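Structural characterization, general
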Amino acid sequence: MIRTEQHTYVKQVDGRGVVHVDDFYATDPQDLWEAVTDPARLARWLVTVTGDLRVGGEITTAFTSGAQDPARITACEPPRRLVVEFAEGDDEATTIEATLTPEAGGTRLVVEEGGFDLDRAPFHEAGWGVHLDDLAAHLRGEQCEPWKPRWEARLQRAQL
């Protein structure tokens, strides 16, 4: 599978942090859509999801990173866009939006997660970098390497 260089950056919106990460995958939009929405495929690279899997539905998530949060699906436009809101407590609720765009030879995935304190941005940015590496491994039919050591290495590089 051919990938372009993964792009990540952090921006500030209304005083809160937003991580933007995008990558290109040499697969069609339908395959990538299934990889980011099908519970069985999601569990292989990102998150275990249970609950009411429809717009407005309440779900429970258990990420490969160890984070476990209740969430609600707020938009689902196959095979183009998915938005999930996470209730991480009264002081920090986040939103993850995934957008898929067909391009010559494959599909571009853009993920934005926002709503967290800016001082948490490096942790989220490193996490999404590892998650999208895991997505690429999943699409190649490979097992994902242990998450935490790769996240720690990315976080350390980001703080240098």
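Scroll up for the structure.
Residues numbered from 1 in each chain as written. Predicted model: local features only at pLDDT ≥ 70, side-chain atom pairs only at ≥ 80, totals over all residues. Heavy atoms only, no water.

**Notes on the nonpolar core**
Of all hydrophobic cores here, the largest spans 31 residues; its most connected members are Tyr 25, Leu 109 and Leu 135. Of the residues forming this core, the biggest block, 6 residues, is contributed by helix H3 (residues 121-139). Aside from chain neighbours lying at most four places away, what touches Leu 109 is Val 21, Asp 22, Asp 23, Tyr 25, Leu 32, Val 36, Ala 98, Thr 99, Leu 100, Leu 132 and Leu 135. Listed in part, the 5 residues of the second largest apolar core include Ala 126, Val 130, Trp 151 and Leu 155. (Core = buried A, V, L, I, M, F, W, Y, C linked by side-chain atoms within 4.5 Å. Buried < 20%, exposed > 50% of the residue type's maximum accessible area, 1.4 Å probe, protein only. Helix = DSSP H or I, 4+ residues; strand = E, 2+ residues; numbered from the N terminus. Contact = heavy atoms within 4.5 Å.)

**Considering the packing of aromatic side chains**
Scanning all chains against the criterion turns up 3 aromatic pairs. With centroids separated by 5.6 Å and ring planes inclined at 15°, the aromatic side chains of Trp 147 and Trp 151 adopt a geometry described as stacked. Highlighted residues: Trp 147 and Trp 151, both in helix H4 (residues 147-159), separated by 4 residues, approximately one helical turn. Owing to a relative accessible area of 16%, Trp 151 belongs among the buried residues under this scheme. Put simply, the rings of Phe 123, Trp 147 and Trp 151 touch in pairs and so form one group of aromatic residues. Note that Arg 120 overlies the ring of Phe 123, its terminal NZ or CZ placed 4.5 Å from the centroid. (Phe/Tyr/Trp six-rings, centres within 6.5 Å; stacked < 30°, edge-to-face > 60°. Lys NZ or Arg CZ within 6 Å of the ring centre and 35° of its normal.)

**Things to note about H4**
The terminal C-alpha atoms of H4 lie 19 Å apart, and with 13 residues this matches the ideal 18 Å at 1.5 Å per residue to within 8%. Taken together, the buried positions of H4 are occupied by Trp 147, Trp 151 and Leu 155. With its buried residues spanning 55° around the axis, H4 presents them on a single face. Exposed positions of H4 whose direction lies more than 90 degrees from the buried face are Gln 156 and Arg 157. Where H4 is buried, its residues touch H3. (Expected span 1.5 Å × (residues − 1). Arc of directions from axis to C-beta.)

**A closer look at H3**
With 19 residues, H3 ought to run about 27 Å at 1.5 Å a step, and its terminal C-alpha atoms sit 27 Å apart, in line with that. H3 sits mainly inside the fold: 15 of its 19 residues count as buried. Positive phi appears at Gly 141, one or two residues downstream of H3, with a value of about 80°.

**A look at the sheet that holds strand S3 (residues 47-51)**
Sheet strands line up and pair through hydrogen bonds in the backbone, either parallel or antiparallel. Reading across from one edge, S1-S2-S8-S7-S6-S5-S4-S3 is the order of the 8 strands in this open sheet, with antiparallel pairing throughout. At either margin of the open sheet sits one strand with a lone partner, and together these are strand S1 (7-13) and S3. Averaged over neighbouring strand pairs, the angle between their axes works out to 25° when direction is ignored. Sheet analysis places strand S4 (residues 58-63) next to strand S5 (residues 68-77), joined by 5 bridges and oriented antiparallel. Looking across to S5, one finds that Thr 60 is bridged to Pro 70. (Pairing = 2+ DSSP bridges. Axes fitted to C-alpha atoms, helices over the stretch in contact; angles between N-to-C directions.)

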